[in-house]
Amino acid sequence: MSGVHIRVPAKINLHLGVGAAREDGFHPLATVYHAIGIHDDLIATPASRWRLETVTAAGIDPADVPAGKDNLVTRAARLLHAHLPGLHVRIEKAIPIAGGLAGGSADAAAALLALDLLAPGCPPRDLSLLAAELGSDIPFALVGGTAIGTGRGEVVAPVPDPHTWWWTVVPAAVGLSTPEVYRHFDRLHPDAPAVPAPADRVLAALATGDPRTLAAALHNDLQTAAVDLRPELATLLARGEAEGALRGLVSGSGPTCVFLCESRDAAVAVADAIGGSGPARVLVAAGPARGAHQVVGAP
Ligand code: C5P
């Protein structure tokens, strides 16, 4: 095999229940992950030495890509590439960075899958365990679709989600640090319960196929903290709803805001209305989307 091409989706959280910080500093979660059709592509080719190259879509600043050991792809490669002399990894980034869409986690999941495919001779390993070691959101990026996440988010169980949901996705020009948002959550909610709010309402809404029912059930315990750190998000959320979205929600730890809409046309109309005068790069995406997978016939 000369190389592999992996495609991996962004995620949003339809429900994000957050409990009081555990002794290890992580917060217990009861979340419903939902993969949407905004993708990064990773192309990995065996080479004489390690090289990571990132190209970014319009609106994403390449300077925001974490360097060195902070790059999750580099860390994923360190875990797995012992059986390869070297590797050239090219990432084509369309998922906004530090946006609450788990773009870095997506790339790490893609790297784990690529390395696993490129070094088939080595002992079998459970990629989801390696993924969990690297980051809380990474096991979900391997699975995709819609799934319940528990533990610190790394314990993932797929749930049926047979309908298509349409989202307008509004990234911010400047990202938010996930640890900072969690720290602010701690400050704002010193009495947070040990057990996070359950996801039952969203799970029941998914089964109905009715976007209005799902809109009413969407929930994010990190939203207050993200909006407190970035007050302009409150204006954006209200604006999207005034333009016809059924509901606006901060995605994960933010600052990306997602708007659930009645249909694809409605999502495009909201994107056009917000994009006209607001942030540069408003996207429309459908969910659920497939988890990390090989693009057949490439490279
Ligand atoms: O697991 P990951 O490396 O993506 O987490 C990044 C940071 O987000 C953690 O270091 C922690 O500060 C915060 N976090 C948390 N509780 C979680 C997940 C992440 O506090 N369940």
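As the structure is a computational prediction, the values presented were derived from the model and not from experiment.

A.B. asks: Pulling in residues and values, what's your account of the site of the ligand?
C.D. replies: Around the ligand, a shell composed of Gly25, Phe26, His27, Leu29, Gly135, Ser136, Arg152, Thr178, Pro179 and Tyr182 is seen. Taking Ser136, its side chain carries an N or O atom lying 2.5 Å from an oxygen atom of the ligand. A distance of 2.9 Å separates a nitrogen atom of the ligand from a polar backbone atom of Arg152. Coverage of the ligand by the protein amounts to 73% of the 460 Å² it exposes when considered alone. Counting atoms within 2 Å of the grid points, the majority share of the ligand lands in the largest pocket. With three residues, helix α5 (residues 178-188) is the largest single contributor of residues to the shell around the ligand.

A.B. asks: Which residues make up helix α6 (residues 200-208), and what values go with them?
C.D. replies: Along α6, the positions that sit buried rather than exposed are Val202, Ala205 and Leu206. Relative to the axis of α6, the buried residues are bounded by an arc of 105° and lie together on one face. Pointing more than 90 degrees away from the buried face of α6 are the exposed residues Asp200 and Ala207. Structurally, α6 contributes buried residues whose contacts are with β1 (4-18), β2 (29-46), β5 (146-150), β7 (165-170) and α7 (211-217). Trailing α6 by a residue or two, Gly209 shows a phi angle of about 75°, which is positive.

A.B. asks: Describe the layout of surface pockets, listing the residues and the values that go with them.
C.D. replies: The calculated volume of the largest pocket comes to roughly 1200 Å³. Considering the residues around the largest pocket, the lining is formed by 48 residues, among which Leu72, Ser105, Asp137, Thr178 and Pro179 are closest to the centre. Going through the elements one at a time, β1, β2, β3 (50-56), α1 (72-80), β4 (87-93), α2 (103-118), α3 (127-134) and α5 are the ones with two or more residues in the lining of the largest pocket. Here the lining of the largest pocket gets five residues from one element, more than from any other, and that element is α5.

A.B. asks: Describe empty space enclosed by the protein, with residues and values.
C.D. replies: Scanning all chains against the criterion turns up one cavity of 30 Å³ or more. What the largest cavity holds in volume is close to 40 Å³. Pro9, Ala10, Lys11, Ala35, Ala102, Ala106, Asp137, Phe140 and Ala141 are the residues that line the largest cavity. Broken down by secondary-structure element, the contributors of at least two residues to the lining of the largest cavity are β1 and α4 (138-143). A per-element tally of the lining of the largest cavity places β1 first, with three residues. Within the lining of the largest cavity, the residues separate by chemical class into seven nonpolar, no polar and two charged.

A.B. asks: How would you sum up the packing of α1 against α3? Please name residues and give values.
C.D. replies: Packing of α1 against α3 leaves a shortest axis separation of 11 Å and a crossing angle of 135°. Judged on the interaxial angle alone, α3 and α1 are oblique. As α1 packs across α3, the resulting crossing turns out to be right-handed. Judged by residue contacts, Leu72, Arg75, Ala76, Leu79 and Leu80 of α1 engage Leu127, Leu130, Glu133 and Leu134 from α3. Here the residues of the contact of α1 with α3 are counted per class, giving seven nonpolar, no polar and two charged.

A.B. asks: Tell me what's going on with the packing of α1 against α2, and back it up with residues and numbers.
C.D. replies: The contact between α1 and α2 brings their axes to 8 Å, and the two run at 25°. Our classification of the angle between α1 and α2 gives roughly parallel. At the point where α1 passes α2, the crossing takes the right-handed sense. The segment α1 lies against α2, with Leu72, Val73, Ala76, Ala77 and Leu80 engaging Gly104, Ser105, Asp107, Ala108, Ala111, Leu112, Leu115 and Asp116.

A.B. asks: A description of the environment of Gly135 should follow, citing residues and the corresponding values.
C.D. replies: Mapped onto the fold, Gly135 is located in the loop between α3 and α4. On the basis of relative accessibility, which here comes to 14%, the residue Gly135 falls in the buried class.

Rules and cut-offs
Residue positions within a chain follow its written sequence, with the count starting from 1. Where local features are concerned, this predicted model is filtered to residues with pLDDT of at least 70; where side-chain atom pairs are given and counted, the filter is 80 or more; whole-chain, interface and lining totals use all residues. Think of the side-chain values as coming from all heavy atoms in the structure, minus any hydrogens and water. Note on definitions. A residue lies near a molecule or strand when any single heavy atom of the residue is within 4 Å of it. The term polar contact refers here to a pair of N or O atoms within 3.5 Å; inside protein, the definition further demands a hydrogen-donor-capable atom paired with an acceptor-capable atom, and it admits residues adjacent in sequence only when both atoms are side-chain atoms. The protein chains shown are the only cover counted for residues, whose accessible areas, like all others here, come from Shrake-Rupley with a 1.4 Å probe. As defined here, a cavity is a set of points on a 1 Å grid over the protein atoms alone where a 1.4 Å probe fits but cannot get out. A pocket is an open set with protein on both sides within 12 Å along at least five of seven lines, and residues line them when an atom is within 4 Å of a point. Throughout, a molecule is located in a cavity or pocket provided that more than half of its atoms lie within 2 Å of its grid points. In DSSP terms, a helix is any run of H or I states spanning at least four residues, a strand is any run of E spanning at least two, and both are numbered starting from the N terminus. The buried label applies to any residue whose accessible area, calculated with a 1.4 Å probe on protein chains only, is under 20% of its type's maximum; exposed applies above 50%, and partly exposed to all values in between. This arc is built from the directions going out from the helix axis to the C-beta atoms. Throughout, a residue-residue contact means that at least one pair of heavy atoms, one from each residue, lies within 4.5 Å. Grid points are joined across faces, edges and corners, and a volume is the space filled by probe spheres set on the points. Ten residue types, Ala, Val, Leu, Ile, Met, Phe, Trp, Tyr, Cys and Pro, are classed as nonpolar, four, Asp, Glu, Lys and Arg, as charged, and the remainder, Gly among them, as polar. Axes here refer to lines fitted to C-alpha atoms; in helices the fit is confined to the stretch in contact. Angles between the N-to-C directions go from 0 to 180 degrees. Angle categories: roughly parallel below 35 degrees, roughly antiparallel above 145, roughly perpendicular from 65 to 115, and oblique for all the rest. Left-handed describes a crossing whose near helix is turned anticlockwise from the far helix through less than a right angle; right-handed describes the clockwise counterpart.

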